[in-house]
Amino acid sequence: MTKAVRVRFAPSPTGYLHVGGARTALFNYLFARRHGGVFVLRIEDTDRERSTKEAVDAIFEGMRWLGLRWDEGPDVGGAHGPYFQSERLPRYAEAAERLLAEGNAYRCFCDPEDLKARREAALAKGEPPKYDRKCLAIPAAQAAARGATEPHAIRFQIPDGETSWDDAVRGVVTFQNATLDDLVILRTDRHPTYNFAAVVDDSAMEISHVLRGDDHISNTPRQIQVYRALGLETPIFGHVPMILGPDGTRLSKRHGATSVTEYRDAGFLPAAMVNFLALLGWAFDGEREIFTLEELTQVFSLDRISKNPAIFNHEKLEWMNGEYFRALPLSTRVDLVVEHVRKIGALPDSALADRSMLERAVTAVGDRMKRPEHFLDYAAWLFVDRVEPEAAPWAEILAKPLAPARLRKLADAIAKVEPFEHDAIEQAARGLATGEGVKAGEVIMPARIALTGKKVSPGIFDVILLLGREKTVKRLRDAADRLEAAASAATT
RNA sequence: GUCCCCAUCGUCUAGCCUGGCCUAGGACACCGCCCUUUCACGGCGGCAACACGGGUUCGAAUCCCGUUGGGGACACCA
């Protein structure tokens, strides 16, 4: 590779940053970093109706969150700007004029509505919906004259022959030009279409490698023809496979969350997201799977990109997030938990005031948490005055006639255990079980349910410690009372 | 319908280019055992794939052809 590596991510600001787009951006970023190249961000906002400022911001936000810094682009500038296509309109018009003058393009006066009808009719008849070149038949002089007053689009004339290129991920791909139709390059409103603007800009921005989604593969032969007609050098193209939903179709909203900000808001870590996305359609050696962004920039290569589409495996993302979450320092985990709980308003601010208590709680919950929102699944009991046990575990202890008595004995033991520390509490509880002649679980499980309302919780001695002597004793005795009341109600 | 692409466990994939080292490796999920007060973590083990049919070859997951299946694209959207 003699040419300087310059790649770009060129989203159109019509929505949020989709995970598929994020992965395309990631691959471009990694490729640039790996080869000491430049990563350009270009906003393709030539569709004035659908492009919004909010979407531009959402794209920035998503990329920054993932840590994908661009070297050139809107807001950071660069020598090849501007980076909004809406600010580059004269360049496209100039290039279109040239194609027109050289006979590689022609004016099209067809009515868009009419065109649409013709296309649908062709499709219905099972014919390829190609433009019929009606306006190519208009003599040049006449077309130029009409063009001065009549609204019209400009079409590129696809030459005969075939078009092929050596794709960086798929190898040689060939299209017969006869299957391509004369694409509009400049719309009636003088705005360029995607296939045209991309060519003009990729060339002007000296893009060396165009790495984009597979869905663009059929645009590539058209673009190559435009490059040639304009006398421009073509970049190397690489088409990365799509990301599919669980049902094997293109990932979309109906499959659930598709924007990276949704994942951020759900408490996923950017490092986990990056790692997961990198492994969707790319593998290092099939063995190693955990990579930081920095590590990826050292090992990424195009020839290890898969050719087949990948189904977005949500469970694996969740697992991976757990790997990263666990590795975080305690204070960071607490921060994330607090932030999340605040955001969803699950607890009053006062509940979050005691930092050291939260640290102990997060420690107790430990690696049961894969994301911040899991904290309350395991520690909600800590923040309520009275637990309402879940039905199934409650029925379980209700079935044990001796449970209330044991809960009372445990309450008595906790009431006077000294010091009120993990080991002493453990000794007291185990001693009680031994005295009763039962396994420790016979004492511990009912206590867990009485104290947390659930069958699953952090270690029971941590629970007792966190709750404090007073609350523990009260909950134990309350539960005993209720169990007895329920038992006598059942017999009468 | 037409065109393009793809095809290894349920899923992500390694192996394919440079056939033999593949009784096909790893990971997620699932199951079992161990650890253990529960769950999680961890450890050990298990289930589970070369789509099919023809070639080529001493030998094919690997090369060729076909079939089938899947995906994508067919706009004055990108």
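Our subject is the structure that appears above.
Cut-offs used in this document
Residues numbered from 1 in each chain as written. Chains lettered and ligands numbered in written order. Predicted model: local features only at pLDDT ≥ 70, side-chain atom pairs only at ≥ 80, totals over all residues. Heavy atoms only, no water. Disulfide = S-S within 2.5 Å. Near = heavy atom within 4 Å. Polar contact = N/O pair within 3.5 Å; in protein donor to acceptor, adjacent residues only side chain to side chain. Helix = DSSP H or I, 4+ residues; strand = E, 2+ residues; numbered from the N terminus. Nonpolar A, V, L, I, M, F, W, Y, C, P; charged D, E, K, R; others polar. Buried < 20%, exposed > 50% of the residue type's maximum accessible area, 1.4 Å probe, protein only. Contact = heavy atoms within 4.5 Å. Salt bridge = Lys/Arg side-chain N within 4 Å of Asp/Glu carboxyl O. Core = buried A, V, L, I, M, F, W, Y, C linked by side-chain atoms within 4.5 Å.

Quick word on the state of the cysteines
Then step 1. Within the structure shown, the criterion is met by 0 disulfides.
Then step 2. Cysteine C110 remains unbridged, with the sulfur of C135 as its closest cysteine sulfur at 3.5 Å.

Observations concerning the protein's contact with RNA strand B
Then step 1. Residues in close proximity to RNA strand B total 64 residues, the closest being R119, R187, S218, R368 and R448.
Then step 2. The sugar-phosphate share of atoms of RNA strand B within 4 Å of the protein amounts to 72%.
Then step 3. In this structure, a base nitrogen belonging to RNA strand B sits 2.4 Å away from a side-chain N or O atom of T188.
Then step 4. Take K455: an N or O atom from its main chain is 3.2 Å from a sugar or linking oxygen of RNA strand B.
Then step 5. For the surface near RNA strand B, the secondary-structure elements that each account for two or more residues are α4 (112-124), β4 (153-156), β6 (171-176), β11 (310-311), α11 (314-327), α18 (440-452) and α19 (460-467).
Then step 6. Across the surface near RNA strand B, the residue classes break down as 23 nonpolar, 18 polar and 23 charged.

With respect to unusual backbone geometry
Then step 1. Each neighbour pair has its own omega, and for G81 with P82 the value is -5 degrees, a cis peptide bond.
Then step 2. Relative to the helices and strands, P82 is located in the loop between α2 (53-66) and α3 (89-101).
Then step 3. A positive phi angle is found at D75, which is not glycine, with a value near 70 degrees.
Then step 4. In this fold, D75 is placed in the loop between α2 and α3.
Then step 5. The phi dihedral of R133 falls on the positive side, at around 60 degrees, and the residue is not glycine.
Then step 6. Among the structural elements, R133 can be located in the loop between α4 and α5 (140-149).
Then step 7. R133 gets classed as partly exposed once you look at its relative accessible area, which sits at 30%.

Focus on the environment of L302
Then step 1. Inspection of the secondary structure assignment puts L302 in the loop between α10 (293-299) and β11.
Then step 2. In sequence terms L302 and A198 are 104 residues apart; their C-alpha atoms lie 22 Å from each other.
Then step 3. Setting aside chain neighbours within four positions, we find L302 in contact with F31, A168 and L211.

Here's the deal with the pattern of salt bridges
Then step 1. With the rule as written, the count across this model stands at 45 salt bridges.
Then step 2. Across the pair D202 and R8 runs a salt bridge, and its minimum N-O distance is 2.8 Å. Pair noted here: D202 is in helix α6 (residues 194-204) and R8 is in strand β1 (residues 6-9), with a separation of 194 residues, a long-range link.
Then step 3. Among the ionic pairs, K53 bridges to D57, the shortest N-O distance being 2.9 Å. Here the residue K53 and the residue D57 both occupy positions in helix α2, the gap between them amounting to 4 residues, near one helical turn.

Some words on the nonpolar core
Then step 1. Counting residues in each nonpolar core, the largest one holds 106 residues, and the members touching the most others are M63, F312 and F375.
Then step 2. Among the elements that make up this core, the one with the highest residue count is helix α1 (residues 19-34) (9 residues).
Then step 3. Residues contacting M63, with those up to four places away along its chain left out, are F9, L17, A25, F39, L41, L68 and W70.

Overview of the environment of F175
Then step 1. Secondary-structure assignment places F175 in strand β6.
Then step 2. For the pair F175 and T220, spaced 45 residues apart in the sequence, the C-alpha separation amounts to 9.5 Å.
Then step 3. Setting aside residues up to four positions removed in sequence, F175 forms contacts with E162, T163, W165, L180, I217, S218 and P221.

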